[in-house]
There are 2 protein chains.
Amino acid sequence: MRMYDLITKKRNGGVLTDAEIEYMIGGYVQGDIVDYQMSAMLMAIWFKGMNAHEITELTKVMAKSGDMIDLSAIHGKKVDKHSTGGVGDKTTLIVAPIVAACGGKVAKMSGRGLGHTGGTVDKLEAIPGFRTVLEREEFFTIVNKCGLSLIGQSGNLAPADKKLYALRDVTATVDSIPLIASSIMSKKLAAGSDCILLDVKTGSGAFMKTFEDSVRLAQTMVAIGEGAGKRTVALITDMDTPLGHAIGNSLEVIESMDVLKGHGPQDLTEVSLQLAANMLYLVDKGSLATCRSLAEKSIADGTAFECFAAMVEAQGGDSSVLRNPEKFAKAPYSGDVLADRDGYIVRMNAEECGIASVVLGAGRETKESTIDFSAGIMMMKKYGEAVKKGEKLATLYTSKQETLAEAERMYKEAVVIGADKPAAKPLVYARVEKDHVEKF
Amino acid sequence: MRMYDLITKKRNGGVLTDAEIEYMIGGYVQGDIVDYQMSAMLMAIWFKGMNAHEITELTKVMAKSGDMIDLSAIHGKKVDKHSTGGVGDKTTLIVAPIVAACGGKVAKMSGRGLGHTGGTVDKLEAIPGFRTVLEREEFFTIVNKCGLSLIGQSGNLAPADKKLYALRDVTATVDSIPLIASSIMSKKLAAGSDCILLDVKTGSGAFMKTFEDSVRLAQTMVAIGEGAGKRTVALITDMDTPLGHAIGNSLEVIESMDVLKGHGPQDLTEVSLQLAANMLYLVDKGSLATCRSLAEKSIADGTAFECFAAMVEAQGGDSSVLRNPEKFAKAPYSGDVLADRDGYIVRMNAEECGIASVVLGAGRETKESTIDFSAGIMMMKKYGEAVKKGEKLATLYTSKQETLAEAERMYKEAVVIGADKPAAKPLVYARVEKDHVEKF
């Protein structure tokens, strides 16, 4: 077998066999296949795509290129979750304890933020003392005890994906649905859960800007999961507007706890309940309606919050900050963004809001950047709301005073006030299960 | 400027600006742009193509990446010739002295053979003592004195093309008309002649297998030449069947001399006269009809042959072998291929005949192979001719006796005898000049 022939085959629209995919990925990881051949192949895939079988096979081979985590030491059904990334998306901190409180198991490895989107691991590290690096044994013990554990990616998970992603990143081959789907799902297959809930964001702050592309990505990933023997469901959720009112690590932990205590913002609570209900559905807790009731009940009776607090303590964190949010370190500088006219918020560009929060110190511009946990944005007014001239739109928080003016300018550009009340937008656009797409 | 953005632009069907093409090629030659980015770009070009302006600019930038040969020391109009390569294609040895005899100047650098196609430099080196490496001064002096000089490629000609071609060769991006055309023409622009005749082969033994692709390639190359200020004409000639009766280096020199002496095979003579007439037309020797007459006369009166002999002597070769072909070293082993039935030759696959000659030792399988000048094939029967069972189709010559059986098997597979006389095929299919395609 020669890589040259495989490039030619894909370039001409052919279908790669299982053996060819294995040869290609194995050879690339081992260094027998060089970058310049793989980049030509990636560009050929960008143009010609892959069929469902090829994508599933590619994903499985990438997953098997490293550790395949064995979660059998954890009792009960394990459900994983993946979000394609958004601004203000702190749902993992909410849905994982809800699922745990209702009897599901969440043994989840999360990522860090980069660019305009945040990462669960960074948010967790805003909790004083919280350890995101655990030995495998301790990880299992905590899930068995608390129903959940959230840690950073550890071990050698899908190294083929890591190497391929680095190459795609410099060869303009990132935005290809087969390649995005196989990249995400290879890590999910390797992470060992029994079933997977996917949160595919759509809109200005999402990687997928259109609903159609988001559905295609969701369908592709669901097909991979099911093809690899794991029950998989996807929700297409809005990321045109940031989720909730808080952007920034401490601020988002506080807001997540608000939801778990029953007084979080409506949009974030609703999206979290739908995500949690689907995760419970995947671990066989009943119909979607039943699962939704279970999720609501776990908030109302405080069990979800207690699951989260127990996990924080088990991982060395100070759970008192969850109960008393004022104990979180405060940013030394803040500034308000005021409305410069009467009207309604008709546009709220999530990506631009995210970038403003990065400027304040809440995120990373490069992998080497350090994060200011107290920095971020509290949004008082969101899409569709009425505002008066001079009214507070948001408060910006930072440890670097000199960033306030720039962040304010950016935030004002991201948030447009118009004369007329805009049409309401759904929070969840669709649900994808196997071959079925249900639009809401 | 970032290569990443240029890849994205081309991938999305955009048009690269002159500055972008210069940045890309300059950066690649200097090593600032890495192979894996260039291969992604090449694949994007393979899919999206380039417009006429982009191709001309790419070619000029590649030409200027190395030496631009100054032929002004040679008096009169210089005409270059390029063949896309074929089996039994020895026309350079014939047309260059015809043009010289009629007052044109041919200062030509030629290539070596690789794979199933031969190369002019190898054929010339079959002449004892002939030097294909000359200092620039001597090269000019010989052209001024004899009207022609044929040498190997020397100097640093279009290094950008060399580097790009090596990458295309391993990334399945060779067969792209913009890339083929710019590769060929960059070297022609750098080689310094005033005008260029292109012999674009078409058919089973050619790189371009179909007439349509051959015309597209010819038109693209003519547009590049004209766009760079050089009069350029292309002929589309047949390479479905090998040209002439001889394949192999000494055998082809002998056959070329037969043509110059006025008793060569009809097909080779006719193609050579048409090529030579067009070269004379390009150096302003009159109408095509006038130029054809001049070319015929130079054969009839022996002046073309004498020009060739003078050049051979000037380059240290033994011209007596040209006058007495029996003085060429003979291959120690030979074998006849006989017809196994009565009928007509209905198919003669040029590529397969070429490969059979390589097996006998007449060509190179890899760049490192050495050539047996005496090896090759003399074809007694060609496409369309009647044969009787047991009649000689060809004689194979080699210095490695063990290759005869394999070459005979291959030759028999390449040459198919059928019951009915097949339709005649043209030798020259079309002529391309500027925007005009004349089909014959």
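Residues numbered from 1 in each chain as written. Chains lettered and ligands numbered in written order. Predicted model: local features only at pLDDT ≥ 70, side-chain atom pairs only at ≥ 80, totals over all residues. Heavy atoms only, no water.

## Quick word on the overall build of chain A
How we decide: Strands are runs of DSSP state E lasting at least 2 residues, helices are runs of H or I lasting at least 4, and numbering of each runs from the N terminus. Based on C-alpha atoms, the radius of gyration is set beside the globule rule, defined as 2.2 Å times the residue count to the power 0.38. Working definition: with a 1.4 Å probe on protein chains only, accessible area under 20% of the residue-type maximum means buried, over 50% means exposed, and in between means partly exposed. Residue contacts are defined here by distance: any two heavy atoms, one from each residue, within 4.5 Å place the two residues in contact. Using a 1.4 Å probe, accessible areas were evaluated by the Shrake-Rupley method; residue-level cover was limited to the displayed protein chains. Only four residue types enter the tally: Lys and Arg on the positive side, Asp and Glu on the negative side; His and the chain ends are excluded. Here the site of a charge means atom NZ of a Lys, CZ of an Arg, CG of an Asp or CD of a Glu.
If you tally the helices and strands in chain A, you get 17 helices and 14 strands. Here the C-alpha atoms of chain A give a radius of gyration of 22 Å, agreeing with the 22 Å that 2.2 N^0.38 yields for 440 residues. Its C-alpha atoms put chain A at 70 × 45 × 40 Å along the principal axes. Per-residue burial for chain A yields a buried fraction of 59% across its 440 residues. Of all intrachain contacts in chain A linking residues separated by at least 6 positions in sequence, the fraction that spans at least 24 positions is 77%. On chain A, roughly 16600 Å² of surface is accessible, and the fraction owed to carbon and sulfur atoms is 51%. The average position of the 52 basic charges and that of the 57 acidic charges among the side chains of chain A differ by 2 Å.

## Here's the deal with the environment of Ala386 of chain B
All names here are of chain B. Along the chain, the position of Ala386 falls in strand 10 (residues 386-387). In sequence terms Ala386 and Asp213 are 173 residues apart; their C-alpha atoms lie 32 Å from each other. Non-local contacts of Ala386, meaning those with residues more than four positions away in its chain, are made with Gly343, Tyr344, Lys381 and Glu391.

## Details of the pattern of salt bridges
All names here are of chain A. This is how it is decided: One speaks of a salt bridge when a side-chain nitrogen belonging to Lys or Arg is within 4 Å of a carboxyl oxygen belonging to Asp or Glu.
All chains considered together, the criterion is met by 64 salt bridges over all chains. The shortest N-O distance in the salt bridge between Asp122 and Arg364 comes to 2.8 Å. Taken together, the residues Asp122 in helix 6 (residues 120-125) and Arg364 in the loop between helix 16 (350-360) and strand 9 (376-379) connect sequence positions 242 residues apart. For the pair formed by Asp122 and Arg364, the shared burial category is buried. A salt bridge links Glu433 to Arg431, with the shortest nitrogen-to-oxygen separation between them at 2.9 Å. Like Glu433, the residue Arg431 is buried in the burial classification.

## With respect to the packing of helix 12 (residues 266-282) of chain A against helix 13 (residues 288-300) of chain A
Residues and elements named next belong to chain A. To be explicit about the condition: Angles here are taken between N-to-C directions and fall from 0 to 180 degrees, while the axes themselves are lines fitted to C-alpha atoms, restricted in helices to the stretch in contact. What sets the label is the angle itself: under 35 degrees gives roughly parallel, over 145 gives roughly antiparallel, 65 to 115 gives roughly perpendicular, and the rest give oblique. What makes a crossing left-handed is the near helix being turned counterclockwise from the far one by less than a right angle; a clockwise turn instead makes it right-handed.
It is the contact of helix 12 with helix 13, at a shortest axis distance of 8 Å, that shows an interaxial angle of 120°. Regarding the angle of helix 12 to helix 13, the classification is oblique. Regarding helix 12 and helix 13, the two cross each other, and that crossing is right-handed. Facing Glu270, Leu273, Gln274, Ala276, Ala277, Asn278, Leu280 and Tyr281 of helix 12, the residues of helix 13 in contact are Leu288, Cys291, Arg292, Leu294, Ala295, Glu296 and Ile299.

## Some details on the sheet that holds strand 12 (residues 415-418) of chain B
Residues and elements named next belong to chain B. The line we're drawing: By this definition, two strands are paired if DSSP reports at least two bridges between them.
Spatially, the three strands line up as an open sheet ordered 10-8-12, and their pairing is antiparallel. Every other strand in the sheet has two partners, leaving strand 10 and strand 12 as the edge strands with one partner each. Pairing geometry for strand 8 (residues 343-348) and strand 12, over four bridges, is antiparallel. By the bridge assignment for strand 12, Met348 is matched with Val415. The strands touched by helix 17 (residues 404-414) are strand 8 and strand 12; relative to strand 12, the strand with the most contacts, the crossing angle is about 50°.

## Concerning the sheet that holds strand 12 (residues 415-418) of chain A
All names here are of chain A. Taken together, the three strands give an open sheet; going across it, the order is 10-8-12, and neighbouring strands pair in antiparallel fashion. The open sheet has two free edges, formed respectively by strand 10 (386-387) and strand 12, since each of these has just one partner strand. By the bridge criterion, two bridges tie strand 8 (residues 343-348) to strand 10 in an arrangement that is antiparallel. By the bridge assignment for strand 10, Gly343 is matched with Val387.

## Structural notes on the nonpolar core
Residue and element names in this part refer to chain A. As a reminder of what qualifies: Each nonpolar core is a collection of buried residues, namely Ala, Val, Leu, Ile, Met, Phe, Trp, Tyr and Cys, held together in the definition by side-chain atoms within 4.5 Å. Each domain's extent was defined by an automatic or database domain assignment.
By size, the foremost hydrophobic cluster in this structure holds 93 residues, and its most contacted members are Ile127, Phe308, Leu322 and Tyr411. Element by element, the count of residues in this core is highest for helix 12, at nine residues. Each of domain 2 (79-155 + 164-323) and domain 3 (331-418) gives at least three residues to this core. If we ignore the near neighbours within four places in the chain, the residues touching Phe308 are Leu93, Pro97, Leu124, Ile127, Leu150, Met257, Leu260 and Leu322.

## Quick word on the interface of chain B and chain A
Put simply, the rule is: Here's the idea: put two parts together, see how much 1.4 Å probe accessible area each one loses, and the total over both is what we call buried area. Polar contact is defined as a pair of N or O atoms within 3.5 Å, subject to the rule that within protein one atom must be able to donate a hydrogen and the other to accept it, and that residues adjacent in sequence are counted only when both atoms are side-chain atoms. In this classification, Asp, Glu, Lys and Arg are treated as charged, Ala, Val, Leu, Ile, Met, Phe, Trp, Tyr, Cys and Pro as nonpolar, and every other residue, Gly included, as polar.
Each partner contributes residues to the interface: chain B has 23 residues there, and chain A has 23 residues. Here chain B packs against chain A, burying approximately 1800 Å² in sum over the two surfaces, 70% of which is carbon and sulfur. Considering only the side of chain B, the residues that lose the most area to chain A are Arg11, Tyr36 and Phe47 of chain B, jointly responsible for 35% of the buried surface there. Of the charged contacts in the structure, one is a salt bridge between Asp175 of chain A and Arg11 of chain B, with a shortest N-O distance of 2.7 Å. If you look at where chain B meets chain A, you find nine residue pairs in polar contact (both at pLDDT 80 or more). Broken down by secondary-structure element, the contributors of at least two residues to the side of chain B that touches chain A are helix 1 (3-11), helix 3 (35-48) and helix 8 (159-170) of chain B. Here the side of chain B that touches chain A takes ten residues from helix 3 of chain B, the largest share from any one element. Within the side of chain B that touches chain A, the residues separate by chemical class into eleven nonpolar, six polar and six charged.

## Concerning the packing of aromatic side chains
All names here are of chain B. What counts, and what does not: Each Phe, Tyr or Trp ring (for Trp, its six-membered ring) is paired with any other whose centre lies within 6.5 Å, and the angle between the two planes then decides the class: stacked below 30 degrees, edge-to-face above 60, tilted in between.
Scanning the entire structure with this criterion turns up seven aromatic pairs over all chains. Judged by centre distance (6.0 Å) and plane angle (35°), the ring pair of Phe139 and Phe140 falls under tilted. Taken individually, Phe139 and Phe140 each receive the classification buried, so the pair is uniform in this respect. On the numbers, 6.0 Å between centres and 45° between planes, the contact of Phe211 with Tyr429 is tilted. Placement of Phe211 in helix 10 (residues 211-227) and of Tyr429 in strand 13 (residues 428-433) is noted, with a sequence separation of 218 residues between them.

## Some thoughts on the domain arrangement of chain A
What the domain assignment reports for chain A is domain 1 (3-49), domain 2 (79-155 + 164-323) and domain 3 (331-418). Domain 1 of chain A and domain 3 of chain A are separated by 44 Å when their C-alpha centres are compared.

## Considering the environment of Trp46 of chain B
For Trp46 of chain B, the position within the fold is in helix 3. If we skip the residues at most four places from it in the chain, Trp46 of chain B touches Arg11 and Asn12 of chain A together with Ala172, Thr173, Asp175 and Ser176 of chain B.

## Structural notes on unusual backbone geometry
Residues and elements named next belong to chain A. One non-glycine residue with positive phi stands out, namely Ala172, at about 60°. For Ala172, the location among the structural elements is in the loop between helix 8 (159-170) and helix 9 (177-190). The exposure class assigned to Ala172 is buried, which follows from its relative accessible area of 1%.

## Comments concerning the pairing of strand 1 (residues 79-83) of chain B
Residues and elements named next belong to chain B. Where burial is concerned, most of strand 1 is hidden: four out of the five residues are buried. Where strand 1 meets strand 4 (residues 195-202), five bridges bridge the pair, whose relative direction is parallel. Paired with Ser83 across the strands is Asp199, a residue of strand 4.

## Describing the relation of the copies chain B and chain A
Two chain copies here: they are related by a rotation about an axis and a translation along the same axis. The criterion, for reference: Superposition of the copies was done by least squares, using only C-alpha atoms of residues whose pLDDT is at least 70 in both.
Superposing chain B onto chain A takes a rotation of 179° combined with a translation of 0.1 Å along the rotation axis, leaving an RMSD of 0.1 Å. Read as a symmetry element, the transformation amounts to a two-fold axis. Taking the C-alpha atom as reference, chain B places Tyr36 of chain B closest to the rotation axis, 1.9 Å from it. Of the residues that chain B buries at the interface, 100% are likewise interface residues in chain A, meaning the two copies contact each other through the same surface.

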